[in-house]
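An overview of the molecular structure
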Amino acid sequence: MPELPETETIARDLHAAIAGARITAVAVERADVLRGLTARQAVAKLTERTIVRAWRRAKSVVLSLDDGAHLSVTPRFTGALLLADAPTPDAYSCLRLTLADGRELRYSDVRRLGTVTWLDA
């Protein structure tokens, strides 16, 4: 399972970079990767939430939110979670989370094989 070490590294790096960050805006650009919620629900449920921690569960990176819910990102072969200092163009962007400090956390997936799953508390 070559994805596990990479997923662990991503989760640890993300936790160090975004724990405590508040999500101020959400843009769903490819809703077909969403599981457990619609694009409209994603915007409503994620906006103004604070990311408590980022961690790995199996082959997924999980973002735990301040309301007890979780966003689980399973990138599979072609997906990536990218953190940028400012919004950047990306033809393969599926989900964009704008953080209060101006950074952007983006799920990008060339072939859209991965999933973004909402898990209620």
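Structure shown above.
Residues numbered from 1 in each chain as written. Predicted model: local features only at pLDDT ≥ 70, side-chain atom pairs only at ≥ 80, totals over all residues. Heavy atoms only, no water.

What follows concerns the pairing of strand β4 (residues 60-65). Burial analysis of β4 places six of its six residues in the buried class, the great majority of the element. Alternating residues of β4 divide into S60, V62 and S64 and V61, L63 and L65, and every residue in both groups is buried. Pairing of strand β3 (residues 51-57) with β4, which is carried by six bridges, proceeds in the antiparallel orientation. For R53, the partnering residue across the bridge sits in β4 and is S64. If you look at the hairpin formed by β4 and strand β5 (residues 70-74), you'll find four residues sitting between the two strands, and G68 has a positive phi there, around 95°. (Buried < 20%, exposed > 50% of the residue type's maximum accessible area, 1.4 Å probe, protein only. Helix = DSSP H or I, 4+ residues; strand = E, 2+ residues; numbered from the N terminus. Pairing = 2+ DSSP bridges.)

This next bit is on the side chain of T74. Following the sequence through the fold, T74 ends up in strand β5. Within the structure, the side chain of T74 is placed 2.5 Å from the side chain of S60, a separation counted as a polar contact. Not counting the four nearest positions on each side in its chain, T74 is found in contact with K59, S60, Y107, G114 and T115. (Polar contact = N/O pair within 3.5 Å; in protein donor to acceptor, adjacent residues only side chain to side chain. Contact = heavy atoms within 4.5 Å.)

Across the sheet, five strands lie side by side as β2-β9-β5-β4-β3; this open sheet has mixed pairing. Two strands in the sheet have a free side with no partner beyond their single neighbour: β2 (34-35) and β3. Direction of pairing for β2 relative to strand β9 (residues 115-119): parallel, over a ladder of two bridges. The residue bridging L34 from the neighbouring strand is V116, located in β9.

Attention shifts here to the pairing of strand β8 (residues 104-109). In terms of burial, β8 is largely enclosed, as six of its six residues are buried. Where burial is concerned, the two faces of β8 agree: the one with E104, R106 and S108 and the one with L105, Y107 and D109 are both buried. Two strands pair when backbone bridges link them, and strand β6 (residues 79-84) and β8 are joined in this way by six bridges, in the antiparallel orientation. The residue bridging A80 from the neighbouring strand is S108, located in β8. As consecutive antiparallel partners, strand β7 (residues 93-99) and β8 are separated by four residues, and within that stretch G102 has a phi angle of approximately 95°, a positive value.

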